[in-house]
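# Structural description and commentary
Okay, here's what each chain looks like letter by letter:
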Amino acid sequence: QVQVVESGGGLVQPGGSLRLDCKASGFTFSFYRMSWYRQAPGKERELVATISTGGSTNYADSVKGRFTISRDNAKNTVFLQMNSLKLENTALYYCKASNLNVYWGQGTQVNVSS
């Protein structure tokens, strides 16, 4: 049974940090490109960051220098370290696994508010 489960969201003040975790199971994690997406209220879902099977990373321009994506294949987990958070980073953050198949998690809510 495939599972993709995000965790680590919460309420944080502007300028603060959060780390999101995405734990996967039911497929060969190391063979999958892993991505973080987010969807803010009233907006379309957008790509935040991607990490390839080999560890190459790509980021949306809006998060470059503040967010870091990483993966631990031994733990079947991908991480998103978010620093210097801004009000506009408030969103539901989703994890996506991509190969021939695509698997999505249910999301974890991040609220940036003073």
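Attention shifts here to the environment of asparagine 89. Position of asparagine 89 among the secondary structure elements: in the loop between β8 (77-82) and β9 (91-98). When sequence neighbours within four positions are dropped, the list of residues in contact with asparagine 89 reads Arg38, Arg66, Phe67, Ser84, Val110 and Val112. Only 3.1 Å separates the side chain of asparagine 89 from the side chain of arginine 66, close enough to count as a polar contact.

To continue, consider the state of the cysteines. Tallying each qualifying case throughout the model produces one disulfide. The disulfide that involves cysteine 22 links it to cysteine 95, with 2.1 Å between the sulfurs. The S-S bond linking cysteine 22 to cysteine 95 shows a torsion near -85°; that makes this disulfide left-handed. Of the two residues, cysteine 22 is situated in strand β3 (residues 18-25) and cysteine 95 in strand β9; the sequence distance between them amounts to 73 residues.

Before going further, it helps to examine the pairing of strand β11 (residues 108-112). The two faces of β11 differ: Thr108, Val110 and Val112 on one face are buried, but Gln109 and Asn111 on the other face are not. Strand direction decides the pairing type here: strand β2 (residues 10-12) and β11, joined by three bridges, are parallel. From the neighbouring strand, leucine 11 faces β11, where its bridge partner is asparagine 111. Here three bridges tie β9 to β11, and the two strands are oriented antiparallel to one another. Paired with tyrosine 93 across the two strands is threonine 108, which belongs to β11.

The subject of this paragraph is the layout of surface pockets. In this approach a probe as big as a water molecule rolls over the atoms, and the regions it shows empty are the leftover space. Looking at the largest pocket, its volume works out to about 150 Å³. When its residues are assigned to classes, the lining of the largest pocket shows three nonpolar, two polar and five charged.

Further remarks concern the packing of aromatic side chains. Under the defined criterion, the tally for this structure stands at five aromatic pairs. Here phenylalanine 27 and tyrosine 103 contribute two aromatic rings whose centre-to-centre distance is 4.9 Å and whose plane-to-plane angle is 35°, an arrangement assigned as tilted. Note that phenylalanine 27 is positioned in the loop between β3 and β4 (33-39) and tyrosine 103 in strand β10 (residues 102-104), a separation of 76 residues in sequence. These aromatic residues form a ring-pair network of at least three members: Phe27, Tyr32 and Tyr103. Note that arginine 45 overlies the ring of tryptophan 104, its terminal NZ or CZ placed 4.6 Å from the centroid. Between the NZ or CZ atom of arginine 71 and the centre of the ring of phenylalanine 29, over which it lies, the distance is 4.7 Å.

What counts, and where the lines are drawn
- Residues numbered from 1 in each chain as written.
- Predicted model: local features only at pLDDT ≥ 70, side-chain atom pairs only at ≥ 80, totals over all residues.
- Heavy atoms only, no water.
- Helix = DSSP H or I, 4+ residues; strand = E, 2+ residues; numbered from the N terminus.
- Contact = heavy atoms within 4.5 Å.
- Polar contact = N/O pair within 3.5 Å; in protein donor to acceptor, adjacent residues only side chain to side chain.
- Disulfide = S-S within 2.5 Å.
- Buried < 20%, exposed > 50% of the residue type's maximum accessible area, 1.4 Å probe, protein only.
- Pairing = 2+ DSSP bridges.
- 1 Å grid on protein atoms, 1.4 Å probe; cavity = no way out; pocket = protein on both sides within 12 Å on 5 of 7 lines; lining within 4 Å.
- Points joined across faces, edges and corners; volume = space filled by probe spheres on them.
- Nonpolar A, V, L, I, M, F, W, Y, C, P; charged D, E, K, R; others polar.
- Phe/Tyr/Trp six-rings, centres within 6.5 Å; stacked < 30°, edge-to-face > 60°.
- Lys NZ or Arg CZ within 6 Å of the ring centre and 35° of its normal.

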